[in-house]
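Structure at a glance
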Amino acid sequence: MWHLIGFKYAEEYVSFWLTEFLHSWPHIAYQGLQNYSSTFDPDDAKYVQTLIFWGAIPILLLILSLLLVIVYGICQCCKNGKRQGHPVVNRPRRTSCLKWIIITLALLTTAFVGAGFYGNETTASGVQHFIQSAESSNETIQNAEQEIHNISNDLTVVLAGEVEQLELLFRTPIKNTSIQHELERLTQVLKHMVNDAATNVSAINSAFSNDVDLSVIISEVQYYETFRWLGFVGVFFFELIISLLVLCGACTRNRCSLICSAMMCTFGVLLVWCLAGAELFVAMGLSDFCVKPNLFIIKEAEKNAHIPDDLIKYYIQCNKTVTDPFSQGLSSANKYLVLAGSVLDEIFSQSKGYYDQTNISAAQKTVSAITSDLQMLTANLDCTTGIHKDYTTSLYAVCYDVVIGVTIMLLSAVLSGLLFTLILVCSISYVSKMQRRKIGYAVDQQDPFLPPDNPTATLERYRRNVEPTRAVVNETPPPIPSDHRARPVSLSSSLHGYSHDPGPSTAQGWSVSQRGGVTSSGRGAASTSNNQPPVSPGGYDSPPPSYTLAMSRDNQRRNPENRQRQAQARLSSGSLV
């Protein structure tokens, strides 16, 4: 991420302000709730408790969020129960505001999930830089060990063998005995110089070679980092799917989609808060390490790798206060090799014309090769050009890139958890205010028992029509028919669609029509117009005409021909049954 702002790693590591901020938080062990040291030490049980204490805080927020959602859901259910017990006609259901709130929260959640993707990539970039630095350091160590081995082998085997061949060569007598004695003396000097150089190289080998191999650590980091990256990518995609479902449910006003998205939001809340706890645990631990990384590295190197204290400090600190443990051995070995080269040059010049110079030339080439290898070894063992630079780069990768990436994912998880909780609350309220979808069955609009669209208005119209009718209706009750065979007229018989002969009852203004409706004559004629209900002689309201007409139509619909034939037969016989 640093290429975006032109950031470059410094030569010396400087702790990041974010790590110092997290390191300054109180470290409290959950057993006894006592403040403890903030020095990074994963082997200390109480220190691990301080990290668990901070990791448990998001879990506590998860429990509070779920309790809030449960309590709100129970309250909403109780409120809906009271509404069903006391329904309000045409109560307005304002859901537009909740709809837009849910859409806004879902869009914000999507934005925070995008920040989580960025944090995941930043963390992966930091881990990759750490792996590259570790591989470079491991390669430097392996190359230095190989060079030490090669130099030691060249000194003790190759060059020592060539010196022995020169001793045998110079034992051959020549005429000039003084030259022969001088060459023998120079050969002994060369032999001592080679032995001294080999001794210094052997000391360097024993000080540096500690079977340090970082390949195992590198393999483990790569293995776990692969699964970590894939796992977080899967979690963020799951959060995106939840946000899209919430958007679809809110935009389409679909109860099923909203309920499904609310259930997935519940799983999302559980997941992101648990991840937030793990990320806070890691962020606190990394911050404690990055404030003082040298202390932990030196302690672990002495305990596990058995590396001398002066050696590990030399490569970690690499300043003027720390002496180079290889400087004396390298300088002595280089000095002896230079002197050996000078001795060989003198031997070569004095032996000219007396001995074969092939072995002398081979020894000179060997000394030159060893000197070149020793210079490369000096460069590899120098802290300013090799291991210390890789160590500083790895610290920047872990304590800058990884810490920032983990912090971004932590903030993304916390904010996503809060937004998912708010979406749950708003979805519960939104679903409770949405009207249930009516069943789409066919309705017969001619059904006489179908209720009117506005029964309240029909009742008011009926009451208004009744009041003026009561003032004009004749109070005289209708006389009983004179026919001894006649029986009282019932409401059910009046609905069969017959009428009797005009008699005294018609004089009072009442008659039964052919359509089965009760009509009046004279002053009561006005009451039947416009479908107005009649009033009984006692002042009581008779059934409204709409009900009477509906019942008549229903009977005629059931068997209209038989009913009409029976009514005509009864009328012709004079019976009122």
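The structure displayed is predicted, hence computed values, not measured ones. (Residues numbered from 1 in each chain as written. Predicted model: local features only at pLDDT ≥ 70, side-chain atom pairs only at ≥ 80, totals over all residues. Heavy atoms only, no water.)

**Concerning the packing of aromatic side chains**
Scanning the entire structure with this criterion turns up 20 aromatic pairs. Geometrically, the ring pair formed by phenylalanine 16 and tyrosine 400 is stacked, given 4.7 Å between the ring centres and 25° between the ring planes. Residue phenylalanine 16 is found in the segment before helix H1 (17-23), and its partner tyrosine 400 is found in helix H11 (residues 387-433); the two are separated by 384 residues along the sequence. The ring of tryptophan 100 is capped by lysine 99, whose NZ or CZ atom sits 5.8 Å from the centre of that ring. One Lys or Arg, lysine 335, reaches over the ring of tyrosine 336 and ends 5.2 Å from the middle of that ring. (Phe/Tyr/Trp six-rings, centres within 6.5 Å; stacked < 30°, edge-to-face > 60°. Helix = DSSP H or I, 4+ residues; strand = E, 2+ residues; numbered from the N terminus. Lys NZ or Arg CZ within 6 Å of the ring centre and 35° of its normal.)

**Notes on the pattern of salt bridges**
In total, this model carries seven salt bridges according to the counting rule given. The partner of lysine 303 in a salt bridge is aspartate 43, with the nearest N and O atoms 2.8 Å apart. Linking lysine 303 in helix H7 (residues 293-305) with aspartate 43 in the loop between strand E2 (34-35) and helix H2 (45-85), this pair joins segments that are 260 residues apart in sequence. What makes lysine 303 partly exposed here is its relative accessible area of 41%. Across the pair glutamate 300 and lysine 303 runs a salt bridge, and its minimum N-O distance is 3.6 Å. Highlighted residues: glutamate 300 and lysine 303, both in helix H7, separated by three residues, approximately one helical turn. Three or more residues are tied together by salt bridges with common partners; here these are Asp43, Glu300 and Lys303. (Salt bridge = Lys/Arg side-chain N within 4 Å of Asp/Glu carboxyl O. Buried < 20%, exposed > 50% of the residue type's maximum accessible area, 1.4 Å probe, protein only.)

**Focus on the nonpolar core**
Note that soluble globular proteins tend to have their nonpolar side chains buried in a common cluster. Core analysis: the largest hydrophobic core is formed by 114 residues, its most contacted members being Leu155, Leu190, Tyr315 and Leu381. Take this core: its biggest share by element is 22 residues, from H11. The residues touching leucine 381, leaving out its near neighbours within four places in the chain, are Ala144, Ile204, Phe208, Tyr314, Tyr315, Phe326 and Leu330. (Core = buried A, V, L, I, M, F, W, Y, C linked by side-chain atoms within 4.5 Å. Contact = heavy atoms within 4.5 Å.)

**Focus: the packing of helix H4 (residues 177-208) against helix H9 (residues 327-350)**
Interhelical geometry of H4 versus H9 gives an angle of 160° and a closest axis separation of 8 Å. It follows from the interaxial angle that H4 and H9 lie roughly antiparallel. Both H4 and H9 take part in a crossing whose hand is left-handed. Taken together, the residues of the contact of H4 with H9 sort by class into 18 nonpolar, five polar and three charged. (Axes fitted to C-alpha atoms, helices over the stretch in contact; angles between N-to-C directions. Parallel < 35°, antiparallel > 145°, perpendicular 65-115°, else oblique. Left-handed = near helix turned anticlockwise from the far one by under 90°. Nonpolar A, V, L, I, M, F, W, Y, C, P; charged D, E, K, R; others polar.)

**Digging into the state of the cysteines**
Across all of its chains, the model carries two disulfides by this definition. Here cysteine 290 is linked by a disulfide to cysteine 399, with a sulfur-sulfur distance of 2.0 Å. Note on the cysteine 290 and cysteine 399 pair: the S-S dihedral is about -85°, so by sign convention the disulfide is left-handed. Here the residue cysteine 290 occupies a position in helix H6 (residues 255-291), and cysteine 399 occupies one in helix H11, the gap between them amounting to 109 residues. Cysteine 399 matches cysteine 290 in its accessibility class, with the two residues each being buried. Bridging cysteine 318 to cysteine 383, the disulfide has an S-S length of 2.0 Å. Classification of the bridge connecting cysteine 318 and cysteine 383 rests on its S-S torsion, roughly 70°, and on that basis the disulfide is right-handed. Placement of cysteine 318 in the loop between helix H8 (309-317) and H9 and of cysteine 383 in the loop between helix H10 (358-381) and H11 is noted, with a sequence separation of 65 residues between them. On the accessibility criterion, cysteine 318 (12% relative accessible area) is buried. Unpaired in terms of disulfides, cysteine 97 finds its nearest cysteine sulfur in cysteine 426, a separation of 8.8 Å. Residue cysteine 97 is classed as exposed on the basis of its relative accessible area, which comes to 55%. (Disulfide = S-S within 2.5 Å.)

**A few points about the packing of H6 against H7**
The N-to-C vectors of H6 and H7 enclose an angle of 90°; their axes lie 4 Å apart at closest approach. With respect to H7, the element H6 is oriented roughly perpendicular. Of the residues in H7, those touching H6 at Phe289, Cys290 and Val291 are Pro293, Phe296 and Ile297.

**Considering H11**
If you check H11, its first and last C-alpha atoms are 67 Å apart, about what 47 residues at 1.5 Å a residue would give, namely 69 Å. Burial runs high along H11: 37 of the 47 residues are buried. (Expected span 1.5 Å × (residues − 1).)

**Some points on a nonpolar patch on the surface**
Taken together, the side chains of Ile57, Ile59, Leu60, Leu61, Ile63, Leu64 and Leu67 make up a nonpolar region of the molecular surface, amounting to roughly 570 Å² of accessible area. Locating isoleucine 63 in the fold gives a position in helix H2. We classify isoleucine 63 as partly exposed; its relative accessible area is 44%. (Patch = residues over 30% accessible without salt bridge, like charges linked within 9 Å, V, L, I, M, F, W, Y side chains within 5 Å. Areas by Shrake-Rupley, 256 points an atom, 1.4 Å probe, with all protein chains shown as cover.)

**Some remarks on the side chain of serine 429**
Residue placement: serine 429 occurs in helix H11. In this structure serine 429 comes out as buried when scored by relative accessible area, which is 7%. Setting aside anything within four residues of it in sequence, one finds serine 429 in contact with Tyr72, Gln76 and Leu98.

**Some details on the environment of threonine 266**
Along the polypeptide, threonine 266 turns up in helix H6. In this structure the C-alpha to C-alpha distance between threonine 266 and isoleucine 423, which are 157 residues apart in sequence, comes to 9.8 Å. At 3.0 Å, the side chain of threonine 266 forms a polar contact with the backbone oxygen of alanine 262. (Polar contact = N/O pair within 3.5 Å; in protein donor to acceptor, adjacent residues only side chain to side chain.)

**Focus on the environment of tyrosine 36**
Within the secondary structure, tyrosine 36 sits in the loop between E2 and H2. For the pair tyrosine 36 and threonine 50, spaced 14 residues apart in sequence, the C-alpha to C-alpha distance is 7.5 Å. Those residues in contact with tyrosine 36 that sit more than four places away from it in its chain are His27, Asp44, Lys46, Tyr47 and Thr50. For tyrosine 36, the side chain forms a polar contact with the side chain of aspartate 44, separated by 2.4 Å.

**Some remarks on the confidence of the model for the protein**
Close inspection of predicted coordinates is inappropriate for parts of the model with low pLDDT. When pLDDT is averaged across the protein, the result is 77; 71% of the residues are at 70 or more. Across the protein, element-level confidence peaks in H1 with a mean pLDDT of 92 and bottoms out in strand E3 (residues 510-512) with 39. The low-confidence segment residues 469-475 (pLDDT under 50) makes 15 contacts with residues lying over four places distant or belonging to another chain. Here residues 482-533 is a poorly scored stretch, pLDDT under 50, and it has 82 contacts once near neighbours within four places are set aside; other chains count. (pLDDT = per-residue confidence, 0-100.)

**Remarks on the side chain of histidine 388**
Note that histidine 388 resides in helix H11. Judged by relative accessible area, histidine 388 falls into the buried class, the value being 5%. A polar side-chain atom of histidine 388 sits 2.9 Å from the main-chain carbonyl oxygen of tyrosine 315. When near neighbours in sequence (up to four residues on either side) are disregarded, histidine 388 contacts Glu11, Glu12, Tyr315, Ile316, Gln317, Cys318 and Cys383.

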